[in-house]
Amino acid sequence: FGEQLQIYAGTLPIGVAKNDDKADTSFKPKRSFFAARDLYMYRHGYPAKSRETKFFSTYANLKFYTKEMAMKPDGVYIDEILTKWNGDYDKLEHNHTYIQWLFPLREPGLNWHAEELTTEEIKEFLKTKKAKNNYLQVYEIMLDFFGMKLEDRNTGKVARTSNWKERFQHLNESPHNYLRITRILKSLGEFKFENFQIHLVRFLLHEALVEETLPNMLHSALEYFVYTIKSRKERRRLLRFARLHYKPTENFIWGPLRKEAAGGRNLVAKSSSPSEKRPFAQEKSRRNALSEGSQSSMATAVTTESASCTETGLGTGKQQKDQSSGDTAEANNAKNKISIKGKSENRVAKPLTEPEDTDHSQSLPENVDDSDSIETES
């Protein structure tokens, strides 16, 4: 989340004007390769950890939620969280070591006392009724802290609380809480509460785009929150909803560009350049490398991907050398065609403007529903 913090600190463009009540989307924002890589790993079950075993875990997260141990370093048990911390906004705001215990993940956090989840621990957690019930109560406490409430425990539907104006104002002015929301969404997905994820993201998009009550959260909602959803179909729906309400529409970058067809119909632009075309062969090769579960394979795949993104997104590498070599325009065009045809051999990766596993269909016309047959990469 280092880059997310940079965005909030104002060192990266996010399309949000400082000290303003409305989001400034007058200039086109940029996608984050690091966010795309992080969320891709999450959605695909952390391929490098495919060989983890139960011996790597002491089940500390499960023990915490069943009151067998206190969270560290605070020494607080779960029952105290559920009673004394409920509604204590100051404590929830200023304590930064509890979130890793309340919403554990299969990745490290800032609290080194907290233990990462494992697949075996998740299975045991889901079998323990007490742990699941306490987990949902904790989720409700955090929703209340943000100015929301859980309307239905079966569907995960959320709504505003009675003091939502005060809490939304605080949330809009405290971007570090967006990191917490990202973690909460990931944790919900790990514990199979996918519907809870979808309802929360949809609610936050509506508040940021339609009601304009959380304008400063808009970039995080589109860049991070949406991509915690593992279901491709649901991500499409959320991005279509966002595109419908995003202003100006031409600055919506979470999908391919549109082009105007005869008759005024909007179509998804079919690109032919290496920086715009989706590299299916390279993606398949990279996934095969990751599936082996070895650290060396993942490092090789990530290194290749990083270098390729720099080449295609920033105009460096082979393309830049060709442009500066003094070749004619016709020769450059020929080389570009060759690089497209053999992109699986040259390992040309996606540009920075198109994260891994991004759904192309979010930029289809709004009248195309999810029942339509749309060819996408699995």
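Residues numbered from 1 in each chain as written. Predicted model: local features only at pLDDT ≥ 70, side-chain atom pairs only at ≥ 80, totals over all residues. Heavy atoms only, no water.

### Considering the overall build of the chain
Looking only at helices and strands, the chain features 18 helices and four strands. By residue count, 48% of the 378 residues in the chain fall in the buried class. Residue pairs in contact within the chain that sit at least 24 positions apart in sequence constitute 69% of those at least 6 positions apart. As displayed, the chain offers around 18,500 Å² of accessible surface, 51% of which is attributable to carbon and sulfur atoms. (Helix = DSSP H or I, 4+ residues; strand = E, 2+ residues; numbered from the N terminus. Buried < 20%, exposed > 50% of the residue type's maximum accessible area, 1.4 Å probe, protein only. Contact = heavy atoms within 4.5 Å. Areas by Shrake-Rupley, 256 points an atom, 1.4 Å probe, with all protein chains shown as cover.)

### Description of the confidence of the model for the chain
Summing up the model confidence of the chain, the mean pLDDT is 73 and the portion of residues at 70 or higher is 58%. Contacts from residues 1–20, a stretch scored under 50 in pLDDT, to residues over four places away or in other chains number 39 contacts. Within the model, pLDDT remains below 50 along residues 290–378, and this stretch shows 155 contacts once partners closer than five positions in the same chain are excluded. (pLDDT = per-residue confidence, 0-100.)

### Thoughts on helix H7 (residues 119–127)
Along H7, the positions that sit buried rather than exposed are Glu-121, Ile-122 and Phe-125. One side of H7 carries all its buried residues, which in axial view fall inside an arc of 100°. At its buried positions, H7 is contacted by helix H3 (60–65), helix H8 (129–146) and helix H10 (176–190). (Arc of directions from axis to C-beta.)

### Brief notes about the packing of aromatic side chains
Going through the model one piece at a time under the given rule, you end up with 21 aromatic pairs. Pairing Trp-164 with Phe-168 gives two aromatic rings, centres 5.4 Å apart and planes at 70°, and the pair type is edge-to-face. Within this pair, Trp-164 and its partner Phe-168 are both found in helix H9 (residues 164–172), separated by four residues, close to a single helical turn. Note on Phe-168: relative accessible area 2%, which makes it buried. Ring pairing ties together the aromatic residues Phe-64, Tyr-65, Trp-101, Phe-103, Phe-125, Tyr-135, Tyr-139, Phe-191, Phe-193 and Phe-196, which thus form one cluster. If you follow Lys-230 out to its NZ or CZ, it ends over the ring of Tyr-42, 5.0 Å from the centre. (Phe/Tyr/Trp six-rings, centres within 6.5 Å; stacked < 30°, edge-to-face > 60°. Lys NZ or Arg CZ within 6 Å of the ring centre and 35° of its normal.)

### Here we look at the packing of helix H11 (residues 194–211) against helix H12 (residues 218–225)
For the pair H11 and H12, the least separation of the axes is 9 Å and the interaxial angle reads 150°. Between H11 and H12, the crossing angle belongs to the class labelled roughly antiparallel. Seen from above, H11 lies across H12 with left-handed handedness. Only Leu-218, Ala-221, Leu-222 and Phe-225 of H12 make contact with H11, whose side of the interface consists of Val-201, Leu-204, Leu-205, Ala-208 and Leu-209. (Axes fitted to C-alpha atoms, helices over the stretch in contact; angles between N-to-C directions. Parallel < 35°, antiparallel > 145°, perpendicular 65-115°, else oblique. Left-handed = near helix turned anticlockwise from the far one by under 90°.)

### A short note on the packing of H9 against H10
The description of two helices packed together rests on the angle between their axes and the distance between the axes. Two numbers describe how H9 lies on H10: the axes approach to 8 Å, and their chain directions differ by 100°. On the basis of their axis angle, the class for H9 and H10 is roughly perpendicular. Along its contact with H9, which presents His-170, Leu-171 and Asn-172, the element H10 presents Asn-177, Tyr-178 and Ile-181.

### Some details on the nonpolar core
Core analysis: the largest hydrophobic core is formed by 75 residues, its most contacted members being Tyr-139 and Phe-225. Counting residues per element, this core draws most heavily on H8, which supplies 10 residues. Not counting residues within four places of it along the chain, the set of residues in contact with Tyr-139 comprises Phe-103, Leu-150, Val-158, Ile-184, Leu-188, Phe-196 and Leu-200. (Core = buried A, V, L, I, M, F, W, Y, C linked by side-chain atoms within 4.5 Å.)

### Describing H9
Within H9, burial applies to Trp-164, Arg-167, Phe-168, Leu-171 and Asn-172. End-on, the buried residues of H9 take up no more than an arc of 135°, which puts them together on one face. In H9, those exposed residues whose orientation departs by more than 90 degrees from the buried face are Lys-165 and Glu-166. Residues of H9 that are buried sit in contact with helix H5 (89–94), H8, strand S1 (148–150), strand S2 (158–160), H10 and H11.

### A closer look at the pattern of salt bridges
Inspection of the entire model under this criterion finds 11 salt bridges. When the shortest N-O distance is used, the salt bridge between Glu-151 and Lys-157 registers 3.9 Å. The exposure class assigned to Glu-151 is partly exposed, which follows from its relative accessible area of 45%. You can call Lys-157 partly exposed: its relative accessible area is 43%. (Salt bridge = Lys/Arg side-chain N within 4 Å of Asp/Glu carboxyl O.)

### What about the environment of Pro-248?
Of note, Pro-248 is situated in the loop between helix H13 (232–245) and strand S3 (258–260). According to the relative accessible area criterion, Pro-248 is partly exposed, its value standing at 25%. In this structure, the C-alpha to C-alpha distance between Pro-248 and Lys-28, residues 220 residues apart in sequence, is 9.3 Å.

### Structural notes on the environment of Ala-208
Positionally, Ala-208 belongs in helix H11. Separated by 13 residues in the primary sequence, Ala-208 and Ala-221 place their C-alpha atoms 8.4 Å from one another.

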